[in-house]
Amino acid sequence: MLEYPEINTIVGQMKHELIGKTITSGVLLKKNNNLFMSESDANRYQFLASGKVTHIEQMGVEFYIFLDNGYGILFCQSGGKILFNRSESDLPKAYNIRFDFHDGSVLTYTMQLFSLGVFVISHQDWENRKKNCDKFDPFDERGFDGFMNFVSELPEDEKKQIKIFLASHVQGIMSTFAAEILLYAGIHPSIQMKKLDRTAYERIYNSMKYVLTDAINKKGRCTECDLYGINGDYIAAAERKNIGSPCPICGTVMEKNSVGGITAFCPDCQKK
């Protein structure tokens, strides 16, 4: 799944490639059971015709491509490849969605895991979506105090295991980066939030900023690709495949954790 660093990379590249281009058409070519959108959603692609890309905004794992006609393209949670193709000859062999531009370039989306969909919405719908977002922005300018305020305001029934909290309530973070953050914070993924003190939360916050910034600088994980199909340089240490491998911090054999998806954790660095 594409998480914050990968989306950040793709959005930056889109700003370079797409701003100023005019869309001629959009089409859903191949419906997939794991692509959670309907044919009627795809019919709204007709509203894109002749719209010029003006700017692009990111909100966690979602991003919105603004057009000058009042509409835009919303990419929701994505488990696939978003590729920029300079011409028809560069297209991948198989893809589910395409958006064509006046200069012959094409933006394609290919399903791999699952996706909440690629939709056409109005600018006002996007603004409402941002306004109603109830997740914490990991790069919120309020910093650690803002993070602690967010945690303190959560309903008690939402204060569960810390990994589930990160994957459910922090923008752009899902299972992989939640596990990664907790590994470098030295916090067990299964620990209940009520058992954590302010010092532990500070470690989690600092780890979150460090891990995400490092992954962004490396253009995402080496298992995910950017807008040009090039894999990132960030090597995750707490993915499922790392179970049985040595911990990058202390060398202890990494073990399996099943909270909020199967990932690896270090029984020595992350004592419960």
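Residues numbered from 1 in each chain as written. Predicted model: local features only at pLDDT ≥ 70, side-chain atom pairs only at ≥ 80, totals over all residues. Heavy atoms only, no water.

**Student:** Go over the nonpolar core, please, and point to the residues and values.
**Tutor:** Core analysis: the largest hydrophobic core is formed by 39 residues, its most contacted members being Met14, Tyr45, Ile65, Phe75, Ile82 and Leu107. Ranked by size, the runner-up nonpolar core spans 33 residues in total, among them Phe150, Leu154, Ile162 and Ile204. (Core = buried A, V, L, I, M, F, W, Y, C linked by side-chain atoms within 4.5 Å. Buried < 20%, exposed > 50% of the residue type's maximum accessible area, 1.4 Å probe, protein only.)

**Student:** Which residues make up the side chain of Glu6, and what values do they have?
**Tutor:** Mapping Glu6 onto the fold places it in helix α1 (residues 4–18). Since its relative accessible area comes to 2%, Glu6 is described here as buried. Side-chain polar atoms of Glu6 contact the backbone nitrogen of Arg221, separated by 2.8 Å. With residues up to four places along the chain from it excluded, the contact list for Glu6 reads Met1, Phe177, Gly220, Arg221 and Glu224. (Helix = DSSP H or I, 4+ residues; strand = E, 2+ residues; numbered from the N terminus. Polar contact = N/O pair within 3.5 Å; in protein donor to acceptor, adjacent residues only side chain to side chain. Contact = heavy atoms within 4.5 Å.)

**Student:** How would you explain the packing of helix α4 (residues 143–152) against helix α7 (residues 198–217) if you had to name every residue and give the values?
**Tutor:** Following both chains from N to C, one finds α4 and α7 inclined at 120°, their axes separated by 10 Å at the closest point. In terms of their interaxial angle, α4 and α7 are classed as oblique. The interaxial crossing formed by α4 with α7 has right-handed handedness. Contacts from Gly143, Phe144, Asp145, Phe147, Met148 and Val151 of α4 reach α7 at Arg198, Tyr201, Glu202, Ile204, Tyr205 and Met208. Residues that form the contact of α4 with α7 fall into these classes: eight nonpolar, one polar and three charged. (Axes fitted to C-alpha atoms, helices over the stretch in contact; angles between N-to-C directions. Parallel < 35°, antiparallel > 145°, perpendicular 65-115°, else oblique. Left-handed = near helix turned anticlockwise from the far one by under 90°. Nonpolar A, V, L, I, M, F, W, Y, C, P; charged D, E, K, R; others polar.)

**Student:** Tell me about the packing of aromatic side chains, and please be specific about residues and values.
**Tutor:** A complete count under the given rule lists 15 aromatic pairs for this structure. Where Phe47 meets Tyr71, the ring centres are 5.1 Å apart and the plane angle is 15°; that geometry is what we call stacked. Taken together, the positions of Phe47 in the loop between α2 (39–43) and β2 (53–59) and Tyr71 in strand β4 (residues 71–75) put the pair 24 residues apart, joining distant regions of the chain. Relative accessible area serves as the criterion here: at 26%, Tyr71 is assigned to the partly exposed category. Ring plane angle 35° and centroid distance 5.9 Å describe the contact between Phe177 and Tyr234, whose orientation is recorded as tilted. Taken together, the residues Phe177 in helix α6 (residues 175–185) and Tyr234 in the loop between α7 and β9 (255–257) connect sequence positions 57 residues apart. (Phe/Tyr/Trp six-rings, centres within 6.5 Å; stacked < 30°, edge-to-face > 60°.)

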